[in-house]
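Inside the fold
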Amino acid sequence: MNLQGAQLEQEKNQLKWLGSAIDFLPSAVMVLSLDDARVIYANQAAGIIGPGGFPDGLPESEEQYFGTDSFGQRIPRQKLPRYRAARGEIFSGYQMTWHYPGGERHLSINSAVLPEMHGQPSMALLTFQDVTDLHSAIRARENMVNMVSHDLKNPLGAILLNTGLLLKMTPEGERFGAIRSQAERIERSASRMVSLIEDILNITKIESGNFTVELNRESLGAIVHEAIEMMRPLAAAKSIRLE
């Protein structure tokens, strides 16, 4: 065997060793051709994307194998991670739900471009992390938060309704000033609790990407006054005077 043949044999063995090493990785790995998005190599863990992988050429396969984004919208074929990576795009943590006959998987996908080396052309590399269990845990937490928030809103709504009625029924004046003051504090505290519940619900919306920001003008003096009034009973209990 001449020197060139020995070098080619060594390179083959290196690639074979690399493929064997990739097979042991817990994450799914796919190597793609940059020309036509053809799968050159996929390790054993790549089976998480479901039977059939990314089938080509069959119109009916697009009804059985497809991806959806975080909003549940179907991803066009040429915008699937496989084809984006084959165009040389690099991305990290792309979230997608892959649907296949009999199930679906929630995936977090990264891509990179492998440079030419050892006579091999440049190729695209895709790694898939199965986050189905994590997605299910997040969904369960969201359901729990929504349920608890709903259960908390009901008694708070009753408190706000009754304090509102109490304020309407209580005449103004120095004689009933203490009663009205306490009722107003209860109303502010209950309103604050409702606001905190909304904040908790907004956190789940932010994490799911469904949160929208609404800008409103607010009075800074009113906000400070509300904070002072809310803390006044606690301050009074410790002989602290708030102005």
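Before any of the text, the structure's been laid out above.
The sections below set out a description of the structure shown in this document. Note that the structure is predicted; figures quoted are calculated from it, not measured.

With that settled, the discussion passes to the overall build of the protein. Scanning the protein for helices and strands turns up six helices and six strands. In the protein, buried positions account for 27% of the 243 residues. Within the protein, residue pairs in contact and separated by at least 24 positions form 47% of the contacts whose partners lie at least 6 positions apart. Total accessible area on the protein is roughly 16600 Å²; 58% of this is exposed by carbon and sulfur atoms.

If you look at the biggest cluster of nonpolar residues, it comprises 21 residues, and the most contacted ones within it are Met 96, Trp 98, Ile 109, Leu 126 and Phe 128. In terms of nonpolar packing, the next biggest core, distinct from the first, is built from five residues, Leu 156, Ala 190, Ile 197 and Leu 201 among them.

What follows is about the environment of Arg 87. Relative to the helices and strands, Arg 87 is located in the loop between helix H3 (81-86) and strand S4 (94-100). Spatially, the C-alpha atoms of Arg 87 and Ser 33 are 9.5 Å apart, while their sequence positions differ by 54 residues. Looking at Arg 87, its side chain comes within polar contact range of the main-chain oxygen of Gln 78, at 2.9 Å.

Another aspect to go through is the pairing of strand S5 (residues 103-114). Pairing analysis gives seven bridges linking S4 to S5, with the strands arranged antiparallel. What sits directly across from His 99, in S5, is Glu 104. What sits between S4 and S5 in their antiparallel hairpin is a turn of two residues, with Gly 102 showing a positive phi close to 95°. Bridge count for S5 against strand S6 (residues 123-130) is eight bridges, and the pairing is antiparallel. The residue bridging Leu 107 from the neighbouring strand is Asp 130, located in S6.

With that out of the way, let us pick up the side chain of His 99. Inspection of the secondary structure puts His 99 in strand S4. Here His 99 falls in the buried class, since its relative accessible area comes to 15%. For His 99, the side chain forms a polar contact with the side chain of Thr 68, separated by 2.9 Å. The contacts of His 99, once residues within four sequence positions are left out, are Gln 64, Tyr 65, Phe 66, Gly 67, Thr 68 and Glu 104.

Tracing the backbone shows Ser 108 in strand S5. Separated by 3.2 Å, the side chains of Ser 108 and Gln 95 make a polar contact. Residues in contact with Ser 108, not counting those within four places in the same chain, are Gly 93, Tyr 94, Gln 95, Thr 127, Phe 128, Gln 129 and Val 131.

Any two side chains of opposite charge can pair, given that their charged atoms come close. Overall, the coordinates contain four salt bridges when judged by the stated rule. Ionic pairing is found between Arg 84 and Glu 89, a salt bridge with its closest N-O pair at 3.0 Å. The exposure class of Arg 84 is buried, given its relative accessible area of 16%. Under the relative-accessibility criterion, Glu 89 is labelled partly exposed at 29%. For the salt bridge of Arg 105 with Asp 130, the shortest nitrogen-to-oxygen distance reads 2.9 Å. Pair noted here: Arg 105 is in strand S5 and Asp 130 is in strand S6, with a separation of 25 residues, a long-range link. Taking relative accessible area as the criterion, Arg 105 reaches 29% and is therefore assigned partly exposed. With a relative accessible area of 30%, Asp 130 lands in the partly exposed category. Among the charged side chains, a network of salt bridges with common partners joins Arg 84, Arg 87 and Glu 89.

A full pass over the atoms with the stated rule returns one aromatic pair. Stacked on the ring of Phe 66, the Lys or Arg Arg 74 has its end atom at 4.2 Å from the ring centre. Its guanidinium or amino end placed over the ring of Tyr 94, Arg 84 lies 5.0 Å from that ring's centre, counting from NZ or CZ.

What follows covers the sheet that holds strand S2 (residues 39-42). The sheet built from six strands is open, its strands ordered S2-S1-S6-S5-S4-S3 with antiparallel pairing. Two strands in the sheet have a free side with no partner beyond their single neighbour: S2 and strand S3 (66-68). The sheet shows a mean angle of 35° between the axes of neighbouring strands, taken without regard to direction.

Quick notes on the rules
- For every chain, the first residue of its written sequence is number 1, and the numbers climb from 1 along that sequence.
- Under the rules for a predicted model, residues below a pLDDT of 70 receive no local features and side-chain atom pairs below 80 are neither given nor counted, while totals for whole chains, interfaces and linings still include all residues.
- The side-chain quantities take in all heavy atoms of the structure and omit both hydrogens and water.
- Only DSSP runs of H or I reaching four residues or more are called helices, and only runs of E reaching two or more are called strands; each is numbered from the N terminus.
- The buried label applies to any residue whose accessible area, calculated with a 1.4 Å probe on protein chains only, is under 20% of its type's maximum; exposed applies above 50%, and partly exposed to all values in between.
- Here a residue-residue contact requires only that any non-hydrogen atoms of the pair lie within 4.5 Å.
- Only the protein chains shown count as covering a residue, and every accessible area follows the Shrake-Rupley method with a 1.4 Å probe.
- Side-chain atoms within 4.5 Å link the members of a nonpolar core, which is a set of buried Ala, Val, Leu, Ile, Met, Phe, Trp, Tyr and Cys residues.
- Pairs of N or O atoms within 3.5 Å make up the polar contacts considered here, provided that, within protein, one atom can donate a hydrogen while the other can accept it, and that residues adjacent in sequence are counted only when both atoms are side-chain atoms.
- We call two strands paired when DSSP finds no fewer than two bridges between them.
- Every case where a carboxyl oxygen of Asp or Glu lies within 4 Å of a side-chain nitrogen of Lys or Arg is listed as a salt bridge.
- Any two of the Phe, Tyr and Trp rings considered here, Trp counted by its six-membered ring, make a pair once their centres fall within 6.5 Å; the pair's planes then place it as stacked at under 30 degrees, edge-to-face at over 60, or tilted in between.
- Here, a charge over a ring means that NZ of Lys or CZ of Arg falls within 6 Å of the ring centre while also lying within 35 degrees of the ring normal.
- Each axis is a line fitted through C-alpha atoms, and for a helix only the stretch in contact is used; angles between axes span 0 to 180 degrees, taken between their N-to-C directions.

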